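# Architecture and fold: a report
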Amino acid sequence: MNAIKKGGRSVSKQKEQQRKLTKAEQRRQQQLEQLEIKLYAQGYQKHDLTIGLVFANVMAIVLGTPIVIVLYAAFFMRNPSFYMEENIGGGALQILLVLIVLIVVHELIHGITWAVFASNHWKSIEFGFIMKYLTPYCTCVEPLKRYQHIIGALMPTLVLGIFPSVIAIFTGSMFWLLVGCVMVLAGGGDLTIVLKLLWYRSEGKDVVYIDHPYQAGVIAFER
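The structure reproduced in this document is the subject of the present report. Per chain, the residues get numbers from 1 upward, laid out in the order the sequence is written. pLDDT decides what is reported in this predicted model: residues at 70 or higher carry local features, side-chain atom pairs at 80 or more are listed and counted, and totals for whole chains, interfaces and linings draw on all residues regardless. Side-chain measures were taken over the full set of non-hydrogen atoms in the model, leaving aside hydrogen atoms and water.

## Considerations on the environment of Phe 127
Tracing the backbone shows Phe 127 in strand β2 (residues 125–130). In sequence terms Phe 127 and Gly 111 are 16 residues apart; their C-alpha atoms lie 8.1 Å from each other. In this text, helices come from DSSP runs of H or I with a minimum length of four residues, and strands from runs of E with a minimum of two, each type numbered from the N-terminal end.

## Observations concerning helix α3 (residues 53–78)
Taking 1.5 Å of rise per residue, the 26 residues of α3 would be expected to cover 38 Å, and the 37 Å separating its terminal C-alpha atoms lies within 8% of that figure. Here the bend at a residue means the angle between the axes of two seven-residue stretches, the one that ends at it and the one that starts at it. Taken as a whole, α3 carries its principal kink of about 35 degrees at Gly 64; the proline Pro 66 stands between one and four residues after it. Helix span, as expected, comes to 1.5 Å for every residue beyond the first.

## Observations regarding the side chain of Glu 142
By secondary structure assignment, the location of Glu 142 is in the loop between β3 (135–140) and α5 (146–171). One buried charged residue, Glu 142, remains without a salt bridge, the closest side chain of opposite sign being Lys 123 at 10 Å. Nitrogen and oxygen atoms within 3.5 Å of one another constitute a polar contact, given that in protein one can donate a hydrogen and the other can accept it, and given that sequence-neighbouring residues count only through two side-chain atoms. A distance of 2.6 Å separates a polar atom in the side chain of Glu 142 from a polar atom in the side chain of Ser 124. With residues near it in sequence (within four places) discarded, Glu 142 still touches Ala 118, Ser 119, Asn 120, Ser 124, Tyr 209 and Ile 210. Accessible area is worked out with a 1.4 Å probe on protein chains only. A residue is then buried under 20% of its type maximum, exposed over 50%, and partly exposed in between. Under the convention used here, Asp and Glu are negative, Lys and Arg are positive, and both His and the chain ends fall outside the count. By definition here, a salt bridge exists when the distance from a side-chain nitrogen of Lys or Arg to a carboxyl oxygen of Asp or Glu is within 4 Å. The contact rule is simple, with two residues in contact once any of their heavy atoms fall within 4.5 Å.

## Comments concerning the side chain of His 149
Considering the arrangement of structural elements, one finds His 149 in helix α5. Of note is the side chain of His 149, whose polar atom sits 3.1 Å from the backbone oxygen of Tyr 209. Leaving out residues up to four positions away in the same chain, His 149 has contacts with Trp 114, Leu 144, Leu 197, Tyr 209, Ile 210, Asp 211 and Val 218.

## Re the pattern of salt bridges
Under the defined criterion, the tally for this structure stands at four salt bridges. The partner of Arg 223 in a salt bridge is Asp 206, and the shortest N-O contact between them spans 3.1 Å. You can see Arg 223 sitting in the segment after β5 (216–222) and its partner Asp 206 sitting in the loop between α7 (188–199) and β4 (207–211), a full 17 residues away along the chain.

## Let's talk about the sheet that holds β4
The antiparallel open sheet is built from three strands, whose spatial order is β1-β5-β4. The open sheet has two free edges, formed respectively by β1 (45–51) and β4, since each of these has just one partner strand. The sheet shows a mean angle of 20 degrees between the axes of neighbouring strands, direction not considered. Here, any two strands with at least 2 DSSP bridges between them count as paired. Note: β4 against β5, five bridges, orientation antiparallel. Looking at the pairing, Tyr 209 lines up with Ala 220 of β5. An axis is simply a line fitted to the C-alpha atoms; with a helix, the fit covers only the stretch in contact. Between two such axes, the angle follows the N-to-C directions and lies from 0 to 180 degrees.

Any functional reading would require information beyond the geometric quantities listed.
This is how it looks when you write it as structure tokens:
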């Protein structure tokens, strides 16, 4: 069964690699190739830590759902008299509009955090949208340390998902609990990438990590 799953992920990832790249993605690919030449000359070895976008979306549900269950359980333990029939504080349209705005803010928070760590700050941050997979993204075009990538990857989920949910638990706001939980699910793909980074064990002492130019995840160079 594991072999089948791995094979499925591999096929899906290969299909994603074959999609037509945007001009920005092509430019980043060329920049990466130039960087690889320099790093190879300095004795670095390349390790691919990317994941497929489809796999990332599936794992977002797998990893995000247990967190959502815990948040809901905490909410109803804190607010035992709350009834779902009551006004949740906003209609479906209002919730949808808030979520659309927060999806944009989610990527912006990625960019702000990585810009703080990047030597060229905002000049190293780019945003885009993969139309085929309806996936917005933020990427940093310069190498960062592992902890910097991890902090930048987790920050939107913490700020837009966990924080509003915790506030909702103590205020009894179902509206913000719904919003927070949706943003936790939206950050599940980021959590998948973080877990892959944490599981990666470098054999070298000098390691740098750079976002893949058009896939989810990073490439590690070590020596």
